Amino acid sequence: MSAPLSTHVLDATAGRPAAGMTVRLERRDPTGWATLAESVTGPDGRLAGWVPAAGFGAGDYRLSFGTGAWFGGQGRSAFYPEVVVVFTVTDPAEHHHVPLLLSPYGYSTYRGS
């Protein structure tokens, strides 16, 4: 069985994976957002195999992508210092893939497979 969550970040301007970008996973709890994990995308722009120690149950989650620092590390400026994608998990047994297509002045995302 695959891990319940993965992401993939692509730099649309360069046509390449966004390697080395920090991504944080959080879950909404009664007091706000609790950090579950933080990692850095690999050479292929992917983070796979995230299984939070607390489990992956139904609820609201968010991925925060460190886009400003990533572009800055390449000597490029960007309009969005951070991209935050909030999503709801209704069936924790399903795999959830949340890709991010990124440029310095725009982004898009969707539920992948």
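As a reminder, the structure under discussion sits directly above these lines.
Residues numbered from 1 in each chain as written. Predicted model: local features only at pLDDT ≥ 70, side-chain atom pairs only at ≥ 80, totals over all residues. Heavy atoms only, no water.

A.B. asks: Would you mind going over the overall build of the protein in detail, with residue names and values included?
C.D. replies: When helices and strands are counted, the protein shows one helix and nine strands. In sequence order, the secondary structure elements of the protein are arranged as β-β-β-β-β-β-α-β-β-β. For 113 residues, the compact-globule formula gives about 13 Å, and the C-alpha radius of gyration of the protein, at 14 Å, lands near that figure. If one aligns the C-alpha atoms of the protein with their principal axes, the spans along those axes are about 40 × 30 × 20 Å. Going through the 113 residues of the protein one by one, you find that 35% of them count as buried. Of the accessible surface of the protein, which amounts to about 6000 Å², a share of 55% is contributed by carbon and sulfur atoms. Side chains of the protein carry 8 positive and 9 negative charges; the gap between the two charge centres is 4 Å. (Helix = DSSP H or I, 4+ residues; strand = E, 2+ residues; numbered from the N terminus. Rg over C-alpha atoms; globule rule 2.2 N^0.38 Å. Buried < 20%, exposed > 50% of the residue type's maximum accessible area, 1.4 Å probe, protein only. Areas by Shrake-Rupley, 256 points an atom, 1.4 Å probe, with all protein chains shown as cover. Lys, Arg positive; Asp, Glu negative; His and termini not counted. Charge placed at Lys NZ, Arg CZ, Asp CG, Glu CD.)

A.B. asks: Could you give an account of the sheet that holds strand β4 (residues 32-40), with specific residues and numbers?
C.D. replies: Pairing is antiparallel in the open sheet, where four strands are placed in the order β4-β3-β6-β7. Single-partner strands in this sheet number two, and they are β4 and β7 (83-89). Ignoring strand direction, the axes of neighbouring strands in this sheet form an average angle of 25°. Relative to β7, strand β6 (residues 59-65) runs antiparallel, the two being bridged by seven bridges. Considered in β7, the bridge of F65 is made with V83. (Pairing = 2+ DSSP bridges. Axes fitted to C-alpha atoms, helices over the stretch in contact; angles between N-to-C directions.)

A.B. asks: So, the side chain of T41: which residues are in play, and what are the values?
C.D. replies: On the secondary structure map, T41 appears in the loop between β4 and β5 (46-50). Taking the relative accessible area as the measure of exposure, T41 reaches 4% and is therefore buried. Among the polar contacts made by the side chain of T41, one reaches the main-chain carbonyl oxygen of A18 at a distance of 2.6 Å. In terms of polar contacts, T41 uses its side chain to reach the backbone amide nitrogen of M21, at 2.9 Å. Sequence-distant contacts of T41, that is, excluding residues within four places in its chain, are made with V9, A18, A19, G20, M21, V23, R46 and L47. (Polar contact = N/O pair within 3.5 Å; in protein donor to acceptor, adjacent residues only side chain to side chain. Contact = heavy atoms within 4.5 Å.)

A.B. asks: Got a sec to walk through the environment of V83? Specific residues and values, please.
C.D. replies: Along the polypeptide, V83 turns up in strand β7. Each C-alpha atom of the pair V83 and G66 lies 6.9 Å from the other, and the pair is 17 residues apart in sequence.

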